[in-house]
Amino acid sequence: MRLLIGYLLLLATPAAAQTTYHVAPSGSDANPGTAGSPWATLQHAADEANTPGDTVNVINGHYTGFNSQHDGIVFWADGDNVVVNIAGSYSGLDNINIENNDDIVVAGFVVRDAPRAGIRVVNAERVTVRGNTVGPNGKWGIFSGFARDIRVIANTTFGSADEHGIYISNSDGPADNATVAGNVSYGNTVNGIQFNGDCYAGGDGTLDGGLIEGNTVYDNGAKGLSIISAPGVRIQNNLIYENRRGPAGAAGIHLVDEPGCGKPTTDAIVVNNTIIEPRMAGIRINDGATRNGVFNNLIVSGNPIADEEGGNAIDGASNITASTTAGLFVDAAGFDFHLIDSSIAVDAGVLTYQSISAPQVDFAGWPRVAGGAPDAGALGFGSENSVGIED
């Protein structure tokens, strides 16, 4: 994961801020918000920090959530136990609500016990939600609606009681370009990660573009990745396993349309994912989803690829399928999905398929081509021992 870590380190220190304000449990909202005299509440900080580049630095403790008020503010958890466990007063439903503000960063918080969403981002652009631990919550962990260029990076989402760990939804125009990368999503009642253009919510009804990369998605009640009305999304280097813990589920990765919308997921790229789903299809494509490219995946399932439409480019050679994990991984029972040297996935991939390039690095950020060809699946053979890309 070195490449992803390197990217995160670039984000790890806020950009030079005009003012850094401080919040602590021992503070008072009558204070000036300095390190020596901090504020007490997140909502007061959101009200007062009003210049793009301002940073709100929050010390360990338990807090009521907030509703954003100004563009360009960084909300920064200064410690590993900054807990937001009471919904903000805006709706009483969501703990952290970013709405009608752009260029916001929410980083490093523990967000739990929300009646609806732990973190909600709506009608906003270029919002980054990074490095948060979100769960358990009432309906969603991280939710977005009409949020162009949102980045959901390196969060852990779990225990969403009603629906999904990460839910990216709605679009009011082309080029939505959501990025969901490096997250862990598990133990949610429905799906681990869902994209849904949702024509019934207004807008154009399609989530165009986007990247779903390097996520670990497991032990969810239904699907791993549910990709609804999301044309052009690229899905690569994800580990998806042991989902459908509930009574229903379609696939580890499901490319589909919102029922009745007529806006299927088309022109998506599904490449170099490791998918282990003994209770449902590895990849399912249906309800009008066509022109999708599927190659270099390693799929363990009784129904590895269910293309119910046709018209999709599915490489029968580089997609490696099996009915059991035996002979494939270092320790599947221990969730170590690195390949052993005799695995049929070693050197089984291709550099390009149908003019689509495979990723140059694997899930761990190591160069994918160690021999003459890339390996199939998310993790290459020997990746943790090879010469890595420096942070």
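Along each chain, numbering runs from 1 in the same order as the chain's sequence is written. pLDDT decides what is reported in this predicted model: residues at 70 or higher carry local features, side-chain atom pairs at 80 or more are listed and counted, and totals for whole chains, interfaces and linings draw on all residues regardless. Note: side-chain values were computed over all heavy atoms of the structure, leaving out hydrogens and water.

Draft legend 1. Expanded view of the overall build of the protein. Here a strand is any run of E in DSSP of at least two residues, a helix any run of H or I of at least four, and the numbering for each starts at the N terminus. Counting its secondary structure elements, the protein contains two helices and 35 strands. For this measure, only C-alpha atoms enter the radius of gyration; the expected value for a globule follows 2.2 Å times N^0.38, where N is the number of residues. The C-alpha radius of gyration computed for the protein amounts to 21 Å, which stays within 12% of the reference 21 Å derived for 391 residues, consistent with globular compactness. Taking the principal axes of its C-alpha atoms as reference, the protein extends roughly 65 × 50 × 35 Å. Residue burial in the protein is summarised as follows: out of 391 residues, 57% are buried. Between buried and exposed lies partly exposed: a residue is buried under 20% and exposed over 50% of the maximum accessible area for its type, with that area taken using a 1.4 Å probe on protein chains only.

Draft legend 2. Local environment of unusual backbone geometry. Here the amide bond leading from Gly135 into Pro136 is cis, since omega sits at -10°, within 30 degrees of zero. With respect to the helices and strands, the residue Pro136 is situated in the loop between β10 (133-134) and β11 (140-148). The phi angle at Asp287 is positive, at roughly 55°, despite the residue not being glycine. In this fold, Asp287 is placed in the loop between β26 (281-285) and β27 (293-295). Classification of Asp287 by relative accessible area gives partly exposed; the value is 35%. Positive phi outside glycine occurs at Gln354, with the angle close to 55°. Mapped onto the fold, Gln354 is located in the loop between β34 (352-353) and β35 (356-357).

Draft legend 3. Quick look at the pairing of strand β5 (residues 96-99). Burial of the side chains of β5 extends over both faces: Ile96 and Ile98 are buried on one face and Asn97 and Glu99 on the other. At least two DSSP bridges between two strands are needed for those strands to be called paired. Across two bridges, the pairing between strand β3 (residues 66-67) and β5 is parallel. What sits directly across from Asn67, in β5, is Asn97. Sheet topology places β5 next to strand β8 (residues 117-125); four bridges connect them, and they run parallel. The partner of Glu99 across the bridge, within β8, is Val122.

Draft legend 4. Representation of the environment of Leu298 in the model. Looking at the secondary structure, you find Leu298 in strand β28 (residues 298-300). Residue Leu298 is classed as buried on the basis of its relative accessible area of 0%. With 46 residues separating them in the primary sequence, Leu298 and Ile344 have C-alpha atoms 9.5 Å apart. Pairs of residues are marked as contacts when any of their non-hydrogen atoms sit within 4.5 Å. If we ignore the near neighbours within four places in the chain, the residues touching Leu298 are Asn273, Thr274, Ile275, Ile320, Leu328, Phe329, Leu339, Ala345, Ala376 and Gly377.

Draft legend 5. Layout of the sheet that holds β3. The parallel open sheet is built from 10 strands, whose spatial order is β3-β5-β8-β11-β14-β17-β20-β23-β26-β29. Bordering the open sheet on either side are β3 and β29 (305-307), each of which pairs with just one other strand. Here β26 pairs with β29 via three bridges, running parallel. For Ile283, the partnering residue across the bridge sits in β29 and is Ile305.

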